Amino acid sequence: MSLISLLLFSSSSPPSLSPTLSCNELSMHVYLTHSSSSSFFFSTDYSLHIDCGGHLNSTDAFHTTWLSDRFYSGGATSVVSEPLHFLHQQEKTLRYFPISSGKKNCYSIPTSTAGGRYFLRTFTVYDNFDGKSRSPSFDVSVEGTLVFSWRSPWPESVSRSGAYSDLFFYHDDSAVDLCFYSIATDSPVIGSLELTQVDTNAYPFQYADNYTTYILVNYARFSSGSDQWGPGFSNDTDIFGRSWQSDAEFRVQSASVASGATIKAISAIKNIVNAGRNPNYFPEKLYQTAITALGKGGRVLEYELSVDAKLDYLLWFHFAEIDVSVTSAGQRVFDVMVNGEKVRRVDVYKEVGGFAAYDWSFVVKNLSSTTLSVRLESVVGAPLICGLENYAIVPVDLKTAPDQVVAMRELKASLRVPDRMGWNGDPCSPTTWDAWEGVTCHPSKDVSALVVSQIDLGSQGLKGYISDQIGLLTNLVSLNLSSNSLGGNIPSGLGQKSLVKLDLSNNKFTGFIPDSLTSSSLQLVLLNNNLLEGQVPEELYSIGVHGGAIDLSSNKGLCGVPSLPECPFFWGKNGLSTAGKIAIALSGLVIFSAVSLGTYYLCIRRRRNDYEFGLPHELVSLAAKRNRYQRQKSLMALEMESQHAKGYRRTYSIN
């Protein structure tokens, strides 16, 4: 099985040592205690344990609290096929990511602060949970850097019992992305995960780059002369959460036999000083046992470590002179050989005295084989070792530029990208994987980050709109969103100078064509079959004249260029032109003025009529009486004239 990180700590080797760390709990711990050597423990404020696939919080036999499953992007939960084979609840459940959830799925794990060093540990198990009797192939990345590669078939013991893997890394954001990438159509799996903040200066060594630019992936960590111990395997404490295997799994027995040596484990009868000191806080238990090679011949201890070629490795050696018979310098001296090369002559007592921790590191560069040999050869007395760690120094991969990550996540939301497309984690990294489905990336000009150059999401059933944050994709060359059901306006942010191809055909876009498109380098523009309106910018239409191609057909509201209707007299690019708006405004002003003048004239005229002819109530009554009197007088006169005409004599005299 090809692994970029060696699988560690099988959960059933033996079953009594079954690991107990799972993955889902945020817990805060503050350490202000002193070890037996009076060294001061650093203060850490963050430790997270997640039971992947678990539905309830739980506490294991070592009093570690596990949170129920959370912080995942998709997938489903299951239970191992043989739950009784596992001792702890968090080992019996798992989360898997079927291809229907997309090729790439992630846990986005919150951190307490932005900027710090972290220890990440995962438990991976298959145990034929899906009944297919075939362990899956997949990759795992941390913050865009490939760290674990699982390839089918797994070793039977690992497939059935599971295995732990761990690493150290630096992170400067508010959440850590642990992502899984399916190989072919296999479903990645994860049983538990743990995240612990550690001392920022942990594992210092001389290297070309600083600790923010590489990840230390554990390929081996053993304690000599003891069984497997540490978090998940025993009640022994390691402040960082490291677990230690027995050195017997790595020791080359034939080398000792050939030299005539006898392997012997020894234990300390006194406390060990210098243990538990910053920045690594190696536990005192590590130095309380050791392995030595006794005999009269060439006494040799040899270890063989499996590695991947073409990587650099950090070896961290642990010694303590715990043999009471060694009381002075020069009594025990041995050479340390790495791949046949002598790297150091060691006299532990000379360096630190008896019952004191002594550590040092060595970097192995440019390995060409898959095996790393560590050999301790006697010079005086018998060689001795308490423990050894081996870490691959994995360079941090390029990540997508932060502003473009913002843009892509906004697009994911606005376009309503379905889960099956796996738009999770970093859009472009790791570089060994494909980017988000439909996305193409390349390094920036200064090779400091990855940038998005193409987005091809044609015919994906999208039903949202284009976020204006697309303007942050300043390196975008081609955008294809054709044959979806996208609506809304074409954002003004879509007009990058880099943009060469734009296909938004067969959608439901409305509004006007933004002038920003004329500032790009477009050679192909397909906006046909939408609901766009307004006058087409002449600079945009000229693309077709200068050797490019443009299609604006089936947009009933567009006008102003050949093959489209002429725009009304006062119609501009964005509807009414400025002149049209001014004309309408002036016309409205004239009409308003005329109406206002007419209303004013009528009101004034009415007021005058009321003043000249209007009479008070008393005058109206008097005038009415006068009119009745005049009428009666007229009637009397008419009657007299009528009588005179008929010859009636007067009955009265006229004086």
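Thresholds, definitions, all that
Residue positions within a chain follow its written sequence, with the count starting from 1. A pLDDT threshold of at least 70 governs which residues receive local features in this predicted model, and a stricter bar of 80 or more applies before side-chain atom pairs are shown or counted, although totals over entire chains, interfaces and linings include all residues. Heavy atoms from the whole structure form the basis of all side-chain values; hydrogens and water molecules are not counted. A run of H or I in DSSP counts as a helix once it spans at least four residues, and a run of E counts as a strand once it spans at least two, with each numbered from the N terminus. Partly exposed residues are those whose accessible area sits between 20% and 50% of the maximum for their type, while under 20% is buried and over 50% is exposed, using a 1.4 Å probe and protein chains only. Should any heavy atoms of two residues lie within 4.5 Å, those residues are counted as being in contact. Here a strand pair is declared whenever DSSP counts at least two bridges between the two strands. What counts as a disulfide here is a pair of cysteine sulfur atoms lying within 2.5 Å. By convention in these notes, a salt bridge is any Lys or Arg side-chain nitrogen within 4 Å of a carboxyl oxygen on Asp or Glu. Only centres within 6.5 Å qualify two rings of Phe, Tyr or Trp (six-membered ring in Trp) as a pair; their planes then separate them into stacked at under 30 degrees, edge-to-face at over 60, and tilted for everything else. Counted as over-ring charges are cases with an Arg CZ or a Lys NZ within 6 Å of the ring centre that also lie within 35 degrees of the ring normal. By the criterion applied in these results, polar contacts are pairs of N or O atoms within 3.5 Å in which, for protein atoms, one can donate a hydrogen and the other can accept it, and in which residues neighboring in sequence qualify only through two side-chain atoms. To get an axis, fit a line to the C-alpha atoms, keeping to the stretch in contact for a helix; angles then go from 0 to 180 degrees between the N-to-C directions. Across the chain, each position has a pLDDT score giving the predictor's confidence in that residue, from 0 to 100. What makes a nonpolar core is a set of buried Ala, Val, Leu, Ile, Met, Phe, Trp, Tyr and Cys residues whose side-chain atoms join them at distances within 4.5 Å.

**Some words on the overall build of the chain**
Assigned secondary structure in the chain consists of eight helices and 38 strands. Classification of the 655 residues of the chain by burial places 51% in the buried group. Counting contacts in the chain only where the partners sit at least 6 residues apart, residues at least 24 apart contribute 70% of the total.

**Describing the sheet that holds strand E6 (residues 93-96)**
If you trace the three strands from one edge of the open sheet to the other, you get E5-E6-E13, paired in antiparallel fashion. Of all the strands in the sheet, just strand E5 (76-79) and strand E13 (189-190) have a single pairing partner and so form its edges. In the sheet, E5 pairs with E6 via four bridges, with the strands oriented antiparallel. Along E6, the bridge assignment pairs Ser 78 with Leu 94.

**What to know about the pairing of strand E18 (residues 289-294)**
A large share of E18 lies buried, amounting to five of its six residues. As paired elements, strand E17 (residues 262-267) and E18 share six bridges and run antiparallel to each other. When the sheet's bridge partners are listed, Ile 266 is paired in E18 with Ala 290.

**Some remarks on unusual backbone geometry**
With an omega of 5°, the peptide bond between Asn 278 and Pro 279 qualifies as cis. Looking at where Pro 279 falls in the secondary structure, it is placed in the loop between E17 and E18. The linkage connecting Ser 429 with the following residue, Pro 430, adopts the cis geometry, with an omega of 0°. With respect to the element layout, Pro 430 can be found in the loop between helix H5 (402-415) and strand E27 (439-443). We note that Arg 416 has phi near 55°; this positive angle belongs to a residue other than glycine. Checked against the element boundaries, Arg 416 lands in the loop between H5 and E27. In this structure Arg 416 comes out as exposed when scored by relative accessible area, which is 57%. A positive phi is found at Ser 459, a non-glycine position, where the angle reads about 55°.

**Quick look at the state of the cysteines**
Summed over all chains, the structure comprises three disulfides. Through a disulfide, Cys 428 is tied to Cys 441; the S-S separation comes to 2.0 Å. Across the disulfide from Cys 428 to Cys 441, rotation about the S-S bond amounts to roughly -70°, and the bridge is consequently left-handed. Residue Cys 428 is found in the loop between H5 and E27, and its partner Cys 441 is found in strand E27; the two are separated by 13 residues along the sequence. Each sulfur of the disulfide joining Cys 559 and Cys 567 lies 1.9 Å from the other. Handedness here is read from the sign of the S-S torsion; for Cys 559 and Cys 567, about 100°, the answer is right-handed. A single burial state applies to Cys 559 and to Cys 567, both of which are buried.

**Observations concerning the pattern of salt bridges**
Applying the stated criterion across every chain yields a total of 17 salt bridges. Glu 143 serves as the salt-bridge partner of Lys 399, at 3.0 Å between the closest nitrogen and oxygen. Note that Lys 399 is positioned in the loop between strand E26 (387-395) and H5 and Glu 143 in the loop between strand E9 (138-142) and strand E10 (145-150), a separation of 256 residues in sequence. Judged by relative accessible area, which is 30%, Lys 399 ranks as partly exposed.

**A closer look at the packing of aromatic side chains**
Counted under the stated rule, the structure contains 39 aromatic pairs. One aromatic cluster in this structure is built from Tyr 72, Tyr 96, Phe 97, Tyr 107, Tyr 126, Phe 129, Phe 138, Trp 150, Trp 154 and Phe 180. In this arrangement the basic side chain of Arg 121 is found over the ring face of Tyr 164, its NZ or CZ atom lying 4.0 Å from the centre. One Lys or Arg, Lys 285, reaches over the ring of Trp 229 and ends 5.5 Å from the middle of that ring.

**Overview of the environment of Tyr 72**
Within the secondary structure, Tyr 72 is located in the loop between strand E4 (65-66) and E5. A relative accessible area of 36% places Tyr 72 in the partly exposed class. Beyond its immediate chain neighbours, meaning those up to four positions away, Tyr 72 contacts Arg 95, Cys 106 and Tyr 107. A distance of 3.4 Å separates a polar atom in the side chain of Tyr 72 from a polar atom in the side chain of Arg 95.

**Observations regarding the sheet that holds E10**
Taking strand neighbours across the sheet as the criterion, the four strands line up as E7-E12-E9-E10 in an open arrangement whose pairing is antiparallel. Where the open sheet ends on each side, the last strands, each with one partner, are strand E7 (104-110) and E10. Between one strand axis and the next, the sheet turns by 20° as a mean value, whatever way the strands run. Both E9 and strand E12 (residues 175-182) contribute to a ladder of five bridges, which runs antiparallel. Residue pairing across strands places Val 142 opposite Leu 178, the latter belonging to E12.

**Examining the side chain of Thr 145**
Along the polypeptide, Thr 145 turns up in strand E10. Setting aside residues no more than four positions away along its own chain, Thr 145 makes contact with Val 140, Ile 215, Val 394, Pro 395, Val 396, Asp 397 and Pro 430.

**Details of the side chain of Asn 390**
Locating Asn 390 in the fold gives a position in strand E26. Discounting residues that sit within four places of it in the chain, Asn 390 has contacts with Val 217, Asn 218, Tyr 219, Ala 220, Leu 305, Val 307, Tyr 313, Leu 314, Leu 315 and Leu 372.

**A look at the confidence of the model for the chain**
Mean pLDDT over the chain stands at 85; residues scoring 70 or higher make up 80%. Considering only residues more than four positions removed or in separate chains, one finds that residues 611-616, a stretch of pLDDT under 50, has two contacts.

**A look at the nonpolar core**
Phe 317 and Leu 372 are the most contacted members of the largest nonpolar core, which totals 72 residues. With five residues, the single largest contributor to this core is strand E15 (residues 214-223). Residues within four places of Phe 317 in sequence aside, it is in contact with Val 336, Val 338, Tyr 358, Asp 359, Trp 360, Phe 362, Val 374, Ile 385, Gly 387 and Leu 388. By size, the runner-up hydrophobic cluster in this structure holds 42 residues, among which are Ala 435, Leu 486, Leu 504 and Leu 522.

**A word on the pairing of E26**
Here E26 lies mainly inside the structure; eight of its nine residues are buried. Relative to E26, E15 runs antiparallel, the two being bridged by nine bridges. Note on E26: the bridge partner recorded for Asn 218 is Tyr 391. Inspection of the sheet shows strand E20 (residues 312-320) paired to E26 by seven bridges, in the antiparallel sense. The residue bridging Tyr 313 from the neighbouring strand is Ala 392, located in E26.

**Things to note about the environment of Ile 183**
Along the polypeptide, Ile 183 turns up in the loop between E12 and E13. Separated by 44 residues in the primary sequence, Ile 183 and Asp 139 have C-alpha atoms spaced 7.5 Å apart. Setting aside anything within four residues of it in sequence, one finds Ile 183 in contact with Lys 103, Ser 137, Phe 138, Asp 139 and Arg 151.

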